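Here is how the chains run, residue by residue.
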Amino acid sequence: MATPTKPSKTAPARLKKLVLNAQPQQGLLITPRLDSYLLSHTDGFAFPPKIAEVGKALLSDTPRNRVASFSASARGRCIREQVYQYIGAPGVSTFDQQTINIFRDGHVRHLRWQLTLLHAGILSNIEVKVNRPEIPLLGSLDGVGSIPLNHPLYDASKRRVEFGWELKGVNNYTWRTAVQYGKGPLEQHLLQVHSYMWATGLEVFSIVYEHKETNDWREWVITRDDKIMQLVRMELTALQNAASKKKLPPQLHACEKQEGPFARCPYKDVCHKNAKEGTTWVKVAVPARSSKSSGQPSKVKVRVKVPQSYKERKQQTETAKEAAAAKRRVATKVPKPKRQPKPRP
């Protein structure tokens, strides 16, 4: 096993451990077999009909509605933001056309890798759904494959017979940080795969970074880390409590000052208005379901109620305004002149 790399200065001590980072080729799960496949398949981007049908199904699949559930891929993000998404709070999109095009490029990258690894026999399944209704937690693994019998991590007694796989397309800055400077996968990606480990029982994951400009890639094999898993459990417990008690978690310290992530948060307006921790909310949104007859997602009317504390404050303000207006009317009312008694004869 390779020595863990030196973490970034900003990384918490409990996230320092990276397993099998920059280890020898025989310890990797994807790269050696993918290298052999690519060198023996130089006839272009062509797949058998069975593999092509899988790709066709993915291209026609509609994204899931993320309301009324928490996403497994959101670990490490602001808990308050996740709760606002859960209740379907009104948000403002921070994506421009370039960002949306980047997302579409990422979808095509995932499809290219998934079909290739399926055809190579490295993965046995792709877009594997995850559902833990007790949180409620939903997600989708990029892929799942079998650990080779001669691999050092294979251990049937520890349920190390399968591995999960996640692909990340990264820019030049992230590539230099993770690969050239040897810092390994980002903390948020470690939290994400540990969230999948918690939800599925898998103990081994392969993370692949592909450089968006050069198409070079680097793989890391990650095994279950108890300290990172504890962070995942803590965050999931906080989300579960927020869902069951219908209470908003505290704001981030930077958001209290309207700094840092506040500027790009889609819920910054509603979050700033209801900054107090423990504000009560009412969940009224439900996830969209596909229509069996048309195959299209059904339209869902989402009605978001204003948090109770805000309604109470508004009612108190209106009552105070009415009282003040009544007081002004009394103060400005001109008294009628008193009648003078008639003198007696």
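Draft legend 1. Here's a closer look at unusual backbone geometry. Going from Ile-135 to Pro-136, the amide bond is cis rather than trans, its omega being -5 degrees. Here Pro-136 shows up in the loop between strand 2 (125–132) and strand 3 (137–146). Within the chain, Glu-127 stands out as a residue other than glycine whose phi angle is a positive 50 degrees. With respect to the secondary-structure elements, Glu-127 resides in strand 2. Taking the relative accessible area as the measure of exposure, Glu-127 reaches 25% and is therefore partly exposed.

Draft legend 2. The arrangement of the packing of helix 6 (residues 187–200) against helix 7 (residues 226–245) in detail. The N-to-C vectors of helix 6 and helix 7 enclose an angle of 75 degrees; their axes lie 9 Å apart at closest approach. Of the possible angle classes, the one that applies to helix 6 and helix 7 is roughly perpendicular. Residue-level contacts link Leu-190, Leu-191, His-194, Ser-195, Met-197 and Trp-198 of helix 6 to Ile-228, Met-229, Leu-231, Val-232, Arg-233 and Leu-236 of helix 7. For the contact of helix 6 with helix 7, the class distribution of residues is nine nonpolar, two polar and one charged.

Draft legend 3. Representation of the nonpolar core. The biggest cluster of nonpolar side chains holds 41 residues, and the ones touching the most others in it are Phe-70, Tyr-84, Leu-137, Leu-141, Phe-205 and Tyr-209. Of all the secondary structure elements, the ones that give two or more residues to this core are helix 3 (79–87), strand 3, helix 5 (172–180), helix 6, strand 5 (204–211), strand 6 (217–223), helix 7 and helix 9 (268–273). The element best represented in this core is helix 7, accounting for eight residues. With near-sequence residues (within four places) excluded, Phe-70 lies in contact with Gln-82, Val-83, Tyr-86, Ile-135, Pro-136, Leu-137, Leu-138, Leu-239 and Ala-243. Grouped together as the second largest cluster of nonpolar side chains are 24 residues, Phe-47, Trp-113, Ile-122 and Ile-126 included.

What counts as what
Residues numbered from 1 in each chain as written. Predicted model: local features only at pLDDT ≥ 70, side-chain atom pairs only at ≥ 80, totals over all residues. Heavy atoms only, no water. Helix = DSSP H or I, 4+ residues; strand = E, 2+ residues; numbered from the N terminus. Buried < 20%, exposed > 50% of the residue type's maximum accessible area, 1.4 Å probe, protein only. Axes fitted to C-alpha atoms, helices over the stretch in contact; angles between N-to-C directions. Parallel < 35°, antiparallel > 145°, perpendicular 65-115°, else oblique. Contact = heavy atoms within 4.5 Å. Nonpolar A, V, L, I, M, F, W, Y, C, P; charged D, E, K, R; others polar. Core = buried A, V, L, I, M, F, W, Y, C linked by side-chain atoms within 4.5 Å.

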